[in-house]
Amino acid sequence: MTKKEIIAVDIDDVLATNAEGFVEFSNKRWGTNLVPSDYHDHWAELWGVENHEAVARADVLVKDGVFRSYNHLEDALPVLSKLSKRFDLVVVNFKGLFKEVYFAGIWDEITNHSAQKGKGDLLKEIGAHYLIDDQIKHCKTAAEHDIEALLFGNYSWNRAEDLPAGVHRVSNWRGVAEFFDAR
Ligand SMILES: [Mg+2]
């Protein structure tokens, strides 16, 4: 039996409605007036606070289990179930929290080259052939490692006139299905 190709799937705002849950919690807990389209993963900037305060808040988010309470994007399931017959599916979580706080250590290093390389290496290690992710930077890194990337969703944070070679935009899970149907 030939080995199946691997699709790596991001969680936040691909499988789960991260931005929605995040701003809802933030508005309640810290009295912010955020809407989902305000969301981006540089939290200190998003909240307009110092890094140490952002880290303290991140701690609250984790302890309250906010991430576990996010809704999933409901049309993902039938598409993933169909794709699982042809592909191996791997979940990768490029959540800002883990990448910036624990791995890279510094919030400001979103464009840090070694951090970017780390993600590409991770995908290579997984042996991924495809990545589905809502962040342009992750799709770009994947494409640089010859992994075809599907830029997921039409979100405020992933608008782009021109996409790098190897990065394809899909608006939703139907778009994901159509992309792989055409392969
Ligand atoms: Mg994401």
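Conventions and cut-offs
- Positions within a chain are numbered from 1, following the residues in the order the chain's sequence is written.
- The predicted nature of this model means local features are confined to residues of pLDDT at least 70 and side-chain atom pairs, given and counted, to a pLDDT of 80 or more, with totals for whole chains, interfaces and linings taken over all residues.
- Put simply, DSSP H or I for four residues or longer makes a helix, DSSP E for two residues or longer makes a strand, and each gets a number counted from the N terminus.
- We call a residue exposed when 12 or fewer other C-beta atoms sit within 10 Å of its C-beta, buried when the count reaches 20 or more, and partly exposed for counts in between; the C-beta positions come from the backbone.
- For every residue pair, C-beta atoms are placed from the backbone, and the pair is scored as a contact if these atoms sit within 7 Å.
- For two strands to be treated as a pair, DSSP must find no fewer than two bridges joining them.
- Note on geometry: axes are lines fitted to C-alpha atoms, helical ones only across the stretch in contact, with angles between N-to-C directions running from 0 to 180 degrees.
- Per-residue confidence from the predictor is given as pLDDT, running between 0 and 100.
- Buried Ala, Val, Leu, Ile, Met, Phe, Trp, Tyr and Cys residues form a nonpolar core when they are connected through C-beta atoms within 7 Å.
- For a helix, the expected span equals 1.5 Å multiplied by the number of residues minus one.
- What sets the label is the angle itself: under 35 degrees gives roughly parallel, over 145 gives roughly antiparallel, 65 to 115 gives roughly perpendicular, and the rest give oblique.
- Definitions for this section: a left-handed crossing has its near helix turned counterclockwise from the far helix by less than a right angle. A right-handed crossing has that turn clockwise.
- Three categories are distinguished: nonpolar for Ala, Val, Leu, Ile, Met, Phe, Trp, Tyr, Cys and Pro, charged for Asp, Glu, Lys and Arg, and polar for the others, with Gly belonging to the last.

K.L.:
With reference to specific residues and values, describe the overall build of the protein chain.
P.N.:
In terms of helices and strands, the protein chain carries eight helices and five strands. If you list the helices and strands of the protein chain from N to C, you get β-α-α-α-α-β-α-α-β-α-β-β-α. For the protein chain, with 183 residues in total, the buried portion stands at 26%. When contacts within the protein chain are restricted to residue pairs at least 6 apart in sequence, those whose partners lie at least 24 apart make up 53%.

K.L.:
Can you tell me about the sheet that holds strand β4 (residues 148–152), naming the residues and giving the values?
P.N.:
Read across the open sheet, the five strands follow the order β2-β1-β3-β4-β5; overall the sheet is parallel. What marks the edges here is a single partner per strand, and that holds for β2 (87–92) and β5 (167–170). Ignoring which end each strand starts from, the neighbouring axes of this sheet average 20 degrees apart. With four bridges joining them, β4 and β5 adopt parallel strand pairing.

K.L.:
Please provide a residue-by-residue account of the confidence of the model for the protein chain, values included.
P.N.:
Averaged over every residue, the pLDDT of the protein chain is 82; the share at 70 or more is 85%. Note that residues 96–117 has pLDDT below 50 and, in this model, 24 contacts with residues that lie over four places away or in other chains.

K.L.:
Residue-level account of the nonpolar core, with values.
P.N.:
With 24 residues, the main nonpolar core has Y130, L131, I132, I147, A149 and L150 as its most contacted residues. For this core, the elements supplying multiple residues, two or more each, are β1 (5–10), β3 (130–133), α7 (136–144), β4 and α8 (173–181). Ranked by the residues each element gives to this core, the list is headed by β4, at four residues. When sequence neighbours within four positions are dropped, the list of residues in contact with L131 reads A8, L123, H138, C139, A142, I147, A149 and L150.

K.L.:
Talk me through helix α3 (residues 51–63); I want residue IDs and the actual numbers.
P.N.:
Relative to the 18 Å expected for 13 residues at 1.5 Å per residue, α3 spans 18 Å between its end C-alpha atoms, a close match to the ideal helical length. A positive backbone phi angle near 65 degrees is found at G65, which sits one or two residues after α3.

K.L.:
An account of the pairing of β1 is requested, with residue identities and associated values reported.
P.N.:
Looking along a regular strand, one sees the side chains alternate between the two faces of the sheet. Where β1 meets β2, six bridges bridge the pair, whose relative direction is parallel. Its bridge partner lying in β2, I7 is registered against L89. In the sheet, β1 pairs with β3 via three bridges, with the strands oriented parallel. Residue I7 lies in a different strand from β3, and its bridge partner there is Y130.

K.L.:
So what about the packing of helix α4 (residues 76–86) against α8? Which residues, and what values?
P.N.:
For the pair α4 and α8, the least separation of the axes is 9 Å and the interaxial angle reads 20 degrees. The angle between α4 and α8 falls in the class roughly parallel. In the packing of α4 onto α8, the handedness of the crossing is left-handed. When α4 is examined against α8, the residues A76, V79, K82 and L83 are found in contact with a partner set consisting of W173, V176, A177 and F180. Residues belonging to the contact of α4 with α8 are distributed by class as follows: seven nonpolar, no polar and one charged.

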